[in-house]
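# Geometric and topological summary
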Amino acid sequence: KQEVTQIPAALSVPEGENLVLNCSFTDSAIYNLQWFRQDPGKGLTSLLLIQSSQREQTSGRLNASLDKSSGRSTLYIAASQPGDSATYLCAVWGWGANSKLTFGKGITLSVRP
Amino acid sequence: DTAVSQTPKYLVTQMGNDKSIKCEQNLGHDTMYWYKQDSKKFLKIMFSYNNKELIINETVPNRFSPKSPDKAHLNLHINSLELGDSAVYFCASSQETGGETQYFGPGTRLLVL
């Protein structure tokens, strides 16, 4: 059974810092890994999707990497801004006909002005 | 235009009541999902439908019955509500079932008293 872990549960940084959010998963047989952002009281917004054959994906100030063999992914946020404050969730999609997204519990990020 | 919409946004009800949550997507996607996010913010899939057919039923009590009248709609009916059903329920959609990016609705906050 796939388990996704995100540690720490919360993080507070000053504006302008580059930061790394970590995600680990127990079963390396994944189809892809996805990072989402959730703002308080809102739904999830997809940030990046990395296929299992890829090593990283970039979008603006965000860069996500994937090391499938070790069961790890990182989300790198460059030059953090107060508007980046949100919960960041990592999720993996498995293989097979009835695959699904398995989510971590998320990391709540607070960027202080 | 809203891509994935849910109604109602908030739902407060008494134990034992029956309630429904509606979801609609205007993205032309074939697959729709229901997720439950509990008080600890843990997000877990409940059901997925592809072209009105049930694909995933994730050991959810049979008090929960999804219904998909067409590809653009996936409703969730809950019978005999219990205190433990209090959570945020998210609807999502994707183009197909193969791990593509999912688009989430804003959520329905259900409180059972």
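Here goes a summary of the coordinates provided.

Parameters and conventions
Residues numbered from 1 in each chain as written. Chains lettered and ligands numbered in written order. Predicted model: local features only at pLDDT ≥ 70, side-chain atom pairs only at ≥ 80, totals over all residues. Heavy atoms only, no water. Phe/Tyr/Trp six-rings, centres within 6.5 Å; stacked < 30°, edge-to-face > 60°. Helix = DSSP H or I, 4+ residues; strand = E, 2+ residues; numbered from the N terminus. Buried < 20%, exposed > 50% of the residue type's maximum accessible area, 1.4 Å probe, protein only. Lys NZ or Arg CZ within 6 Å of the ring centre and 35° of its normal. Salt bridge = Lys/Arg side-chain N within 4 Å of Asp/Glu carboxyl O.

Across all of its chains, the model carries nine aromatic pairs over all chains by this definition. Consider the rings of A:Phe103 and B:Tyr35, whose centres lie 5.7 Å apart with planes at 90 degrees: the pair is edge-to-face. With A:Phe103 in strand 10 (residues 101-103) and B:Tyr35 in strand 4 (residues 31-37), the pair connects residues from two separate chains. Neither A:Phe103 nor B:Tyr35 differs from the other in exposure class; each is buried. Here the aromatic residues A:Phe36, A:Phe103, B:Tyr33, B:Tyr35, B:Phe90 and B:Phe104 are joined through ring pairs into a cluster of three or more. Between the NZ or CZ atom of A:Lys105 and the centre of the ring of B:Phe42, over which it lies, the distance is 5.7 Å.

Inspection of the entire model under this criterion finds six salt bridges over all chains. Across the salt bridge formed by A:Arg61 and A:Asp84, the nearest N and O atoms sit 2.8 Å from each other. Of the two residues, A:Arg61 is situated in the loop between strand 6 (56-59) and strand 7 (62-67) and A:Asp84 in the loop between strand 8 (72-77) and strand 9 (86-94); the sequence distance between them amounts to 23 residues. Across the pair B:Arg63 and B:Glu82 runs a salt bridge whose closest N-O atoms are separated by 3.5 Å. Taken together, the residues span a long stretch of sequence, with B:Arg63 in the loop between strand 6 (53-57) and strand 7 (64-70) and B:Glu82 in the loop between strand 8 (73-78) and strand 9 (87-94) at a distance of 19 residues.

On to unusual backbone geometry. Most of the time, phi is negative for any residue but glycine, and the peptide bond is trans. Cis peptide bonds are those with omega within 30 degrees of zero, and the linkage from A:Ile7 to A:Pro8 qualifies with 5 degrees. Mapped onto the secondary structure, A:Pro8 falls in the loop between strand 1 (4-5) and strand 2 (10-14). Between B:Thr7 and the following residue, B:Pro8, the backbone shows a cis peptide bond with an omega angle of -5 degrees. Counting through the fold element by element, B:Pro8 comes out in the loop between strand 1 (4-7) and strand 2 (10-13). Residues other than glycine seldom take positive phi values, yet B:Lys41 does so here, at roughly 70 degrees. As for its position among the elements, B:Lys41 is in the loop between strand 4 and strand 5 (43-50). Classification of B:Lys41 by relative accessible area gives exposed; the value is 53%. Although it is not a glycine, B:Ser80 sits at a positive phi angle of roughly 45 degrees.

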